[in-house]
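# Fold and contact review
Residues per chain are reported as follows:
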Amino acid sequence: CTGESASFSVTATGTILSYQWKRNGINLSDGAKISGSQTPDLVIASLDITDAGIYTCVVTGSFNTANSTGAVLTINEAGVITGQPGNKNICEGDWLVLEVTATGSGITYLWEKNNAPITPGPSITGINTPLLVITDVTSADAGSYRCVISNPCKTEISNPAIVTINPDVSFSAHPVSD
């Protein structure tokens, strides 16, 4: 995850060994966030997206040079909600559509109603996507909805969207003829 550190190590045998770490084939040197670029142990502190790549180590001994296999470093960006679901005031029989937008890598979604995960049903789709759809809503669909987004770096919960379902108009009494 961005902000964390990563380390790589190699073990080599031979005499009078020297080491040179590379990222994507380019020599690394010690500096603000890199240490050990010419040792068996490389450390990269405070990772950002530009640190992603393939890391290899060239080991030179008295009589030959050997290249390590590459180790892939993938940097995940924390998931962040960039668009919140909004409150809804709809009628029975309408469709309920709630959406959340997020940035980051490897995000998963889980919609909840009244702080409990929503279970799929014939009229419910998208419980694990950014777009929750409930068709043919009833008064039972009223409540507080939110989306939990997660990735390897962070979990974040959206603001609640309050859903109000207005009942269909119906007569409790009809006019009577005289």
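One structure accompanies this document, and this report is about it. Here the residue numbers are simple positions, counted from 1 along each chain's written sequence. Local features in a predicted model are, by the rule used here, given only for residues with pLDDT of at least 70; side-chain atom pairs are given and counted only at 80 or more, and totals for whole chains, interfaces and linings are based on all residues. Heavy atoms throughout the structure, all of them, feed into the side-chain values; hydrogens and water do not.

## What to know about the environment of Asp-30
By definition, any uninterrupted DSSP run of H or I lasting at least four residues is a helix, any uninterrupted run of E lasting at least two residues is a strand, and each is numbered from the N terminus. Within the fold, Asp-30 resides in the loop between strand S3 (26-27) and strand S4 (34-35). For the pair Asp-30 and Leu-96, spaced 66 residues apart in sequence, the C-alpha to C-alpha distance is 55 Å. From its side chain, Asp-30 meets the backbone nitrogen of Gly-36 in a polar contact 3.1 Å long. Pairs of N or O atoms are called polar contacts if they sit within 3.5 Å, as long as, within protein, a hydrogen donor faces a hydrogen acceptor (for residues adjacent in sequence, only side-chain-to-side-chain pairs). For Asp-30, the side chain forms a polar contact with the side chain of Ser-37, separated by 2.8 Å.

## As for the state of the cysteines
Disulfides are defined as pairs of cysteine sulfur atoms found within 2.5 Å of each other. Per the counting criterion, the structure on display carries one disulfide. Here Cys-1 connects covalently by a disulfide to Cys-153, the sulfurs 2.0 Å from one another. Here Cys-1 and Cys-153 share a disulfide; its torsion about the S-S bond, -100°, makes the bridge left-handed. Placement of Cys-1 in the segment before strand S1 (6-9) and of Cys-153 in the loop between strand S17 (143-151) and strand S18 (154-157) is noted, with a sequence separation of 152 residues between them. We call a residue buried when its accessible area falls under 20% of the maximum for its residue type, exposed when it is over 50%, and partly exposed in between, using a 1.4 Å probe and counting protein chains only. Here Cys-1 falls in the buried class, since its relative accessible area comes to 17%. Considering cysteine sulfurs only, Cys-153 is the nearest to Cys-147, which forms no disulfide, with 18 Å between them. A relative accessible area of 0% means that Cys-147 is categorised as buried.

## Description of the nonpolar core
In this structure, Leu-96, Leu-98, Trp-111, Ile-118, Leu-132 and Tyr-145 are the most contacted members of the largest nonpolar core, which totals 20 residues. Listed by contribution, the elements that provide at least two residues to this core are strand S11 (96-99), strand S13 (108-113), strand S16 (131-134), S17 and strand S19 (161-166). By nonpolar core is meant a set of buried Ala, Val, Leu, Ile, Met, Phe, Trp, Tyr and Cys residues that side-chain atoms within 4.5 Å join together.

## As for the sheet that holds S11
In a beta sheet, neighbouring strands pair by backbone hydrogen bonds and run either parallel or antiparallel. Think of it this way: DSSP has to see at least two bridges between two strands before they count as a pair. What the three strands build is an open sheet, ordered S11-S16-S15; its pairing is antiparallel. At either end of the open sheet lies a strand with only one pairing partner, and these are S11 and strand S15 (124-125). Here four bridges tie S11 to S16, and the two strands are oriented antiparallel to one another. Bridge assignment links Glu-99 to a residue of S16, and that residue is Leu-131.

## Describing the pairing of S13
Bridge count between S13 and S17: six bridges; the pairing is antiparallel. Paired with Thr-108 across the strands is Ser-150, a residue of S17. Pairing of S13 with strand S14 (residues 116-117), which is carried by two bridges, proceeds in the antiparallel orientation. The partner of Glu-112 across the bridge, within S14, is Pro-117.

## Observations regarding a nonpolar patch on the surface
Patch members must show over 30% relative accessible area and no salt bridge, and they are joined within 9 Å when carrying like charges or within 5 Å when they are nonpolar side chains of Val, Leu, Ile, Met, Phe, Trp or Tyr. Here the accessible surface of atoms and residues is derived via Shrake-Rupley with a 1.4 Å probe, and residues count as covered only by protein chains that are part of the display. Salt bridges are defined as contacts in which a side-chain nitrogen from Lys or Arg sits within 4 Å of a carboxyl oxygen from Asp or Glu. On the surface, Trp-95, Val-97 and Leu-131 cluster together to form a nonpolar patch covering roughly 300 Å² of accessible area. For Val-97, the location among the structural elements is in strand S11. Residue Val-97 is classed as partly exposed on the basis of its relative accessible area, which comes to 36%.

## Considerations on the side chain of Ser-37
Following the sequence through the fold, Ser-37 ends up in the loop between S4 and strand S5 (41-44). Note on contacts: a residue pair is in contact if any heavy atoms of the two residues lie within 4.5 Å. Once residues within four sequence positions are removed from consideration, Ser-37 is found in contact with Tyr-19, Gln-20, Trp-21, Leu-28, Ser-29, Asp-30 and Leu-42.

## Regarding the pattern of salt bridges
Following the criterion strictly, the structure yields five salt bridges and no others. A salt bridge links Asp-51 to Arg-23; the nearest nitrogen and oxygen atoms lie 3.8 Å apart. You can see Asp-51 sitting in the loop between S5 and strand S6 (53-60) and its partner Arg-23 sitting in strand S2 (residues 18-23), a full 28 residues away along the chain. Residue classification places Asp-51 among the buried residues on the basis of a relative accessible area of 3%. One salt bridge in this structure joins Glu-112 and Arg-146, with 2.6 Å as the shortest N-O distance. Remark: Arg-146 occurs in strand S17 and Glu-112 occurs in strand S13; sequence separation between them is 34 residues. One salt-bridge network, in which partners are shared between bridges, spans Arg-23, Lys-33, Asp-48 and Asp-51.

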